[in-house]
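Breakdown of the fold
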Amino acid sequence: RAALFKINAKELLVEPDVDFNQLARMTAGYSGHDITCVCRDAAMVKVRRLIKGKSKEELQQLGQRHKITLPVNMSEFVM
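Parameters and conventions
Residues numbered from 1 in each chain as written. Predicted model: local features only at pLDDT ≥ 70, side-chain atom pairs only at ≥ 80, totals over all residues. Heavy atoms only, no water. Helix = DSSP H or I, 4+ residues; strand = E, 2+ residues; numbered from the N terminus. Buried < 20%, exposed > 50% of the residue type's maximum accessible area, 1.4 Å probe, protein only. Contact = heavy atoms within 4.5 Å. Areas by Shrake-Rupley, 256 points an atom, 1.4 Å probe, with all protein chains shown as cover. pLDDT = per-residue confidence, 0-100. Phe/Tyr/Trp six-rings, centres within 6.5 Å; stacked < 30°, edge-to-face > 60°. Salt bridge = Lys/Arg side-chain N within 4 Å of Asp/Glu carboxyl O.

Here we look at the overall build of the chain
- Looking only at helices and strands, the chain has five helices and zero strands in total.
- Ordered by position from the N terminus, the helices and strands of the chain form the series α-α-α-α-α.
- In the chain, which comprises 79 residues, the proportion classed as buried is 28%.
- For the chain, the share of sequence-separated contacts (at least 6 apart) that also reach a separation of at least 24 residues comes to 73%.
- Approximately 5,500 Å² of the chain is accessible, and the part contributed by carbon and sulfur atoms is 53%.

Digging into the side chain of Asn73
- Assignment of secondary structure puts Asn73 in the loop between α4 (56-65) and α5 (74-77).
- Asn73 gets classed as buried once you look at its relative accessible area, which sits at 14%.
- Discounting residues that sit within four places of it in the chain, Asn73 has contacts with Glu15, Asp17, Val18 and Lys46.

A few points about the confidence of the model for the chain
- Chain-level pLDDT for the chain is 86 on average; 90% of the residues reach the 70-or-more range.
- When mean pLDDT is taken per element in the chain, helix α2 (residues 20-26) scores highest with 95 and α4 scores lowest with 75.

So, the packing of aromatic side chains
- Scanning all chains against the criterion turns up one aromatic pair.
- Taking 6.2 Å as the distance between ring centres and 75 degrees as the angle between the ring planes, the aromatic pair formed by Phe5 and Phe77 counts as edge-to-face. Of this pair, Phe5 sits in helix α1 (residues 2-8) while Phe77 sits in helix α5, placing them 72 residues apart in sequence.

Considering the pattern of salt bridges
- Tallied over the full model, the rule gives two salt bridges.
- Residue Arg40 is joined to Asp41 by a salt bridge in which the shortest nitrogen-to-oxygen separation is 3.5 Å.
- Note on Arg40: relative accessible area 47%, which makes it partly exposed.
- On the accessibility criterion, Asp41 (36% relative accessible area) is partly exposed.
- Two residues, Glu76 and Arg49, come together in a salt bridge whose shortest N-O distance is 2.6 Å. Of this pair, Glu76 sits in helix α5 while Arg49 sits in helix α3 (residues 32-51), and the two are 27 residues apart along the sequence.
- According to the relative accessible area criterion, Arg49 is partly exposed, its value standing at 48%.

Written out as structure tokens, the structure reads:
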């Protein structure tokens, strides 16, 4: 499962605190699809935090000014 996490997280910026072996132990019985969903959800946590409380106009400006790159840390995986 650790290898599946690494494969699914390869497109993410992953902070050094992410322990793929620990994630694998925590997800015993998860399918490959389940692990894909965990990785996708971890990335979305960062996005949700970024956009929370912003108006539509603020979000449009944010998207126009920046290529948004948000590193994912262990806390996003284990929410």
